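This is what each chain is made of:
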Amino acid sequence: MELLNRLFKGDKVIWIIFMLLCVVSVVEGFSAMGQLSYRTGNYWAPIIQHSTYLLAGLGVVLLLHNVPYKYFSALIILLPVAAFLLIITMLVGEKVNSASRWLTIFGISFQPSEFAKLSLMVFTAFMLSKKRPDNENAVFWRIIGVSVVICALIFKDNLSTAAMLFGVVFLMLFIGRLKLKKLFLLGLSFLLAGVLFVLFLKALPDSIVEKYFYRFGTWISRVDDFRSGGNPMNLDDTYQINDDNFQVSHAKIAVARGGVIGRFPGHSQERDFLPQPFSDFIYAIIMEELGLIGGFFVMMLYFWLLFRIGLIAGKCKHNFARYLLFGCSLILVTQALANMAVAVNLIPVTGQPLPLISRGGTSIIITCVYFGIILSVSRFEIGLGENEEESSEDVPVSDMLPQDLPLNN
């Protein structure tokens, strides 16, 4: 126990959430990757690779939670690097479903958008921590200017990620107590710009949209299909699964088959039909195998994370630590909710992975970076998870958490 206390510093509840998500990831990932096992002819290769990424991610968390959070402001230097990589990806990136999202360097494939999300979040937190009444306007426009550039570079090939990232920045500005009038005008401006852009695309001939704006055309089709239910009824009023509603239909079937208690791990049928059962639609597989109970449990893990971070943020004395916590939690929870909402057909298909559960090396490692930052703040800002001897030697009494308000209870 003493070894574990020395190894796993920071808030113990955050550690528990992290470990539970990893367990769900391995169990459900192993089941959902049966499709990949069949393709490759190697039964164990996909889950071994996935588990390796999780172990590497654990190493990242253990490393970062020993680094004082103030040093994470250095991640801002990733912004120009991420912008450069996004440009390179648009030009020579690996195309998946006609979208250039992956870049391969020295045999290693990764998504530059994940690094852009991380660096933009840290930049926003850092700028908000420097906000004063006399420089609020300058801080606001710097954050918006950088955010627009980064999101615009992501927008063409990954609309959902760009929209989600800008939404997170917007929420951080709200939490940072910028003037509501500015935020209202900002939101209204982007809403109008989005509507005008959609109307512009609809006015263009289909041939031009398919040639130059293929991804936007796909998104408009997804929204139209979502609004119309995919037009599933034929003249006999029977349900028809077609190319337009294929993913959503099988996700619905998976959820329906799961019922309350599920079919139990390894007994999914829809993993053989869904195109991305181990990534975009892994929550549907969770619902099929673990039922409503398991699906609710996984959802509550992310809400528990958000609630716990809110408690920790309320104890922070420095603004940078507080905004870092909110930025990390908003990215993780927003992405999780988007993935789950797609699986149960609450929103159009977005392609957002379920943090720490979906398959994907870049996504897992960057998610673990967020957890490392969160644990670092909980440790170095308010002293959670420190041994009594270390706390009395390294942390001033004035910086200790009041004994009548322990966060670990």
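First, a word on what this report is: a plain description of the structure on this page.

Basis of the calculations
- Residues numbered from 1 in each chain as written.
- Predicted model: local features only at pLDDT ≥ 70, side-chain atom pairs only at ≥ 80, totals over all residues.
- Heavy atoms only, no water.
- Axes fitted to C-alpha atoms, helices over the stretch in contact; angles between N-to-C directions.
- Helix = DSSP H or I, 4+ residues; strand = E, 2+ residues; numbered from the N terminus.
- Left-handed = near helix turned anticlockwise from the far one by under 90°.
- Contact = heavy atoms within 4.5 Å.
- Nonpolar A, V, L, I, M, F, W, Y, C, P; charged D, E, K, R; others polar.
- Buried < 20%, exposed > 50% of the residue type's maximum accessible area, 1.4 Å probe, protein only.
- Lys, Arg positive; Asp, Glu negative; His and termini not counted.
- Salt bridge = Lys/Arg side-chain N within 4 Å of Asp/Glu carboxyl O.
- Polar contact = N/O pair within 3.5 Å; in protein donor to acceptor, adjacent residues only side chain to side chain.
- Patch = residues over 30% accessible without salt bridge, like charges linked within 9 Å, V, L, I, M, F, W, Y side chains within 5 Å.
- Areas by Shrake-Rupley, 256 points an atom, 1.4 Å probe, with all protein chains shown as cover.

The next subject is the packing of helix H14 (residues 319–343) against helix H15 (residues 361–380). One way to put it is that H14 packs onto H15 with a least axis distance of 9 Å and a crossing angle of 145 degrees. For H14 against H15, the interelement crossing comes out left-handed. Mapping the contact onto sequence places Ala321, Leu324, Leu325, Cys328, Ile331, Leu332 and Gln335 in H14 and Ser363, Thr367, Tyr370, Phe371, Ile373, Ile374 and Val377 in H15. In the contact of H14 with H15, the residues fall into 11 nonpolar, three polar and no charged.

Along the polypeptide, Arg271 turns up in the loop between helix H12 (246–258) and helix H13 (282–313). Despite its burial, Arg271 remains without a salt bridge, the nearest opposite charge being carried by Glu289 at 4.3 Å. At a separation of 3.4 Å, a polar atom in the side chain of Arg271 contacts the main-chain carbonyl oxygen of Gly266. At a separation of 3.2 Å, a polar atom in the side chain of Arg271 contacts the main-chain carbonyl oxygen of Ser268. Beyond its immediate chain neighbours, meaning those up to four positions away, Arg271 contacts Ser31, Ala32, Gln35, Gly266, Pro277, Ile285 and Glu289.

Tallied over the full model, the rule gives four salt bridges. Arg132 is paired through a salt bridge with Asp134; the nearest N and O atoms lie 3.2 Å apart. Take Arg132: its relative accessible area is 45%, and that puts it in the partly exposed class. For Asp134, a relative accessible area of 63% gives the class exposed. The shortest N-O distance in the salt bridge between Glu288 and Arg257 comes to 2.4 Å. You can see Glu288 sitting in helix H13 and its partner Arg257 sitting in helix H12, a full 31 residues away along the chain. Given a relative accessible area of 0%, Glu288 falls into the buried group. Classification of Arg257 by relative accessible area gives buried; the value is 19%.

This paragraph deals with a nonpolar patch on the surface. Nonpolar side chains collect at one region of the surface, where Phe184, Leu185, Leu188, Leu191, Leu192, Val195, Leu196 and Leu199 lie side by side and expose about 790 Å² of accessible area between them. Here Leu191 is to be found in helix H9 (residues 180–203).

By themselves, these are just geometric observations and shouldn't be taken as functional.
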